[in-house]
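Survey of secondary and tertiary structure
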Amino acid sequence: MVFLKNGRRILWLALAAMLWLSTAASAYSAPKTVLVLGDSLSAEYGLARGAGWVALLEQKLQSQKVDARIVNASVSGETTSGGRTRLPALLSKHQPSIVIIELGANDGLRGLPVAAAEANLRTMVTQARAAGAQVLLVGMRMPPNYGRDYADKFFAMFGALSKDVKAPLAPFMLDGVADKTELFQADRLHPLASAHPIILGNIWPHLQPLLKAK
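Parameters and conventions
Position numbers for residues start from 1 in each chain and track the written sequence from start to end. Local features are withheld for residues below a pLDDT of 70 in this predicted model, meaning they are given only at 70 or higher, and side-chain atom pairs are given and counted only at 80 or more; totals for whole chains, interfaces and linings count all residues. Working from all heavy atoms in the structure, the side-chain values ignore hydrogens and water. Strand pairing is assigned whenever DSSP detects at least two bridges linking the two strands. Helix numbers and strand numbers start at the N terminus; a helix is a DSSP run of H or I with at least 4 residues, a strand a run of E with at least 2. Of the grid points, spaced at 1 Å and generated over the protein atoms alone, those admitting a 1.4 Å probe that cannot get out make up cavities, while open sets with protein on both sides within 12 Å along at least five of seven lines make up pockets; any residue with an atom within 4 Å of a point is treated as lining. Grid points are joined across faces, edges and corners, and a volume is the space filled by probe spheres set on the points. Whenever Lys or Arg places a side-chain nitrogen within 4 Å of a carboxyl oxygen from Asp or Glu, that contact is recorded as a salt bridge. Each residue gets one of three labels from its accessible area relative to the maximum for its type: buried under 20%, exposed over 50%, partly exposed in between, using a 1.4 Å probe on protein chains only.

Concerning the sheet that holds strand β1 (residues 32–38)
Pairing is parallel across the open sheet formed by five strands, whose spatial order is β2-β1-β3-β4-β5. Each edge of the open sheet carries a strand with a single partner, namely β2 (68–72) and β5 (169–170). Direction of pairing for β1 relative to strand β3 (residues 98–102): parallel, over a ladder of five bridges. By the bridge assignment for β3, Val-36 is matched with Ile-100.

The following block contains the structure:
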């Protein structure tokens, strides 16, 4: 009888341990595909391959044993209009669970209408959600030499859109980078590899909850 009681106790302990391990493993839910739709800031412009924030994100996911696949569909020079055009095919091909939209900087650098960029971003959010994906928006600021009024409207657009469509927002991907000239390449537009861990740090807190969502 003692042997049976001990055996049952061991069985229950083993089942409890298995349940705990299962719960811990499911802190991040089922395997996900994360599609990054961005411009040169996400396409490793001027960097060695594997040095950009998207590659660092992939490494972070692996180190934390998060079962997620990263698809970097970023293209240098991309605008919100280009992203809007390309997104449907990317959604069909990769069927992502999460879409990170890092676009708008090139619209701003070209002085394109803020309303047009907002409309394109809004359409991309709609497209991604229609395909069953969650969306993370990534905000950007324009340098003050582009005009204070335009720069303020451009930055505010991301926050207003985020609230309106109820999508999380990483407010400014270059926070902690933009004001440090030593973190930029010679063109003063593209960050050095040493800045990309900071960029990932600006995006990660807003992405992590989406990765954990079921």
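Focus: the layout of surface pockets
Of the volumes computed, that of the largest pocket is approximately 540 Å³. The wall of the largest pocket is formed by 24 residues, among which Met-140, Arg-141, Pro-143, Leu-174 and Leu-189 lie closest to the centre. Elements with a minimum of two residues in the lining of the largest pocket: α4 (105–109) and α6 (148–165). Tallying contributions element by element places α6 first for the lining of the largest pocket, with four residues.

A few points about the pattern of salt bridges
In total, this model carries six salt bridges according to the counting rule given. Here Arg-122 and Asp-164 are joined by a salt bridge, their closest N and O atoms 2.6 Å apart. Here Arg-122 is found in helix α5 (residues 114–130), whereas its partner Asp-164 is found in helix α6, with 42 residues between them in sequence. What makes Arg-122 partly exposed here is its relative accessible area of 30%. We classify Asp-164 as partly exposed; its relative accessible area is 47%. In this structure, the salt-bridge partner of Asp-179 is Lys-180, at a minimum N-O distance of 3.6 Å. It is possible to trace a salt-bridge network through shared partners that takes in Glu-118, Arg-122 and Asp-164.

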